Amino acid sequence: MAGLLDGAGAVVTGAGHGIGRALARRLAAEGARVVVNDLDAEAVTAVAEEIGGTAVPGDCASVEGVADLVSQAQEALGRIDVFLANAGIDAAHETGQDSLQVAEEVWERMLQVNTMAHVRAARALVPGWLADGRGGRFVVTASAAGLLTMLGSAPYSVTKHAAVGFAEWLSATYGHRGITVQAICPQGVQTRMLEQSGPLKELLSHDVALTPEQVADAWVESLADDRFLVLPHPEVADYYAARATQNERWLRGMRRLQAGLDQRTGATS
């Protein structure tokens, strides 16, 4: 898809590591001019140097951070054609607690990064895309958890469902006006988040843990038909269909999986 991305101005958040870094590399390889963002200034600067892009370290979730990122990216690129809202966290696992009981601050932090960052970026970008008539592409790295659920992490499940829901609303509302919206929803990916997922690692890797590069490849391939749902693990489509059409059966299966996790971790009712 070099013809589509060649010369495009692109922004990738959470680009210091993992999927974000792979997306940034692939964009640059396709000829895009890339601005990369991450809280890890050292890592994102290294990525920018590697791909010949521009690093804008900072918080892509806060109101001020989003405004600063968009402003600096527009200065560097002239116009933002593609925005990949990739940053995401699962801070609940860091606590070691039952995720239902994690502090309000953890829920709030995850809501800001996993959901509100997308809302704020869209608020900043969509009016300009509509005004100049050239449209734009808004891509959310969500998760299969946003279509199904994430056993062991209530905040992650809820905020990723919200991320997919917002992306779907954005597509339904502005898709006919030249704004393409996509949601990338992988299962297990070989990233730091997977390594830190504890007993969930085996479950998330059940259908093969992909490399970040494979996720980036899946997104570039999706540009051929601009599909909304980008599913690097194609089996997620079947799980999603089962959840919608056989909900009770699907929930029974999820409860069995949770029971197995409970046995492994020694959790009690």
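Residues numbered from 1 in each chain as written. Predicted model: local features only at pLDDT ≥ 70, side-chain atom pairs only at ≥ 80, totals over all residues. Heavy atoms only, no water.

**So, the packing of aromatic side chains**
Argument step 1. Within the structure shown, the criterion is met by three aromatic pairs.
Argument step 2. Here the aromatic rings of Phe-83 and Phe-138 are separated by 5.7 Å at their centres, their planes lie at 10°, and the arrangement is stacked. With a gap of 55 residues between them, Phe-83 in strand S4 (residues 82–85) and Phe-138 in strand S5 (residues 136–141) connect regions that are remote in the sequence. Across this residue pair, the class does not change: Phe-83 and Phe-138 are buried.
Argument step 3. Ring geometry for Trp-169 against Tyr-174: centres 6.0 Å apart, planes inclined by 85°, an arrangement best described as edge-to-face.
Argument step 4. With relative accessibility at 46%, the residue Trp-169 sits in the partly exposed group.
Argument step 5. Taken together, the ring pairs in this structure connect Phe-166, Trp-169 and Tyr-174 into an aromatic cluster.
Argument step 6. Between the NZ or CZ atom of Arg-243 and the centre of the ring of Trp-250, over which it lies, the distance is 5.7 Å. (Phe/Tyr/Trp six-rings, centres within 6.5 Å; stacked < 30°, edge-to-face > 60°. Helix = DSSP H or I, 4+ residues; strand = E, 2+ residues; numbered from the N terminus. Buried < 20%, exposed > 50% of the residue type's maximum accessible area, 1.4 Å probe, protein only. Lys NZ or Arg CZ within 6 Å of the ring centre and 35° of its normal.)

**Some details on the pairing of S5**
Argument step 1. Burial runs high along S5: six of the six residues are buried.
Argument step 2. The two faces of S5 match: Gly-136, Phe-138 and Val-140 on one face and Arg-137, Val-139 and Thr-141 on the other face are all buried.
Argument step 3. In this structure, S4 lies alongside S5, joined through four bridges in parallel fashion. Note on S5: the bridge partner recorded for Leu-84 is Val-139.
Argument step 4. Here six bridges tie S5 to strand S6 (residues 179–184), and the two strands are oriented parallel to one another. When the bridges of S6 are listed, Val-140 appears paired with Ala-183.
Argument step 5. One crossover worth recording links S5 to the parallel S6 by way of helix H7 (residues 154–174), and it is right-handed. (Pairing = 2+ DSSP bridges. Right-handed = clockwise from strand over helix to strand, strands pointing away.)

**Let's talk about a positive patch on the surface**
Argument step 1. Together, Arg-249, Arg-252, Arg-255 and Arg-256 line one region of the surface with positive charge.
Argument step 2. Within the secondary structure, Arg-249 is located in helix H12 (residues 247–265). (Patch = residues over 30% accessible without salt bridge, like charges linked within 9 Å, V, L, I, M, F, W, Y side chains within 5 Å. Areas by Shrake-Rupley, 256 points an atom, 1.4 Å probe, with all protein chains shown as cover. Salt bridge = Lys/Arg side-chain N within 4 Å of Asp/Glu carboxyl O. Lys, Arg positive; Asp, Glu negative; His and termini not counted. Charge placed at Lys NZ, Arg CZ, Asp CG, Glu CD.)

Worth remembering: the numbers are spatial, not functional.
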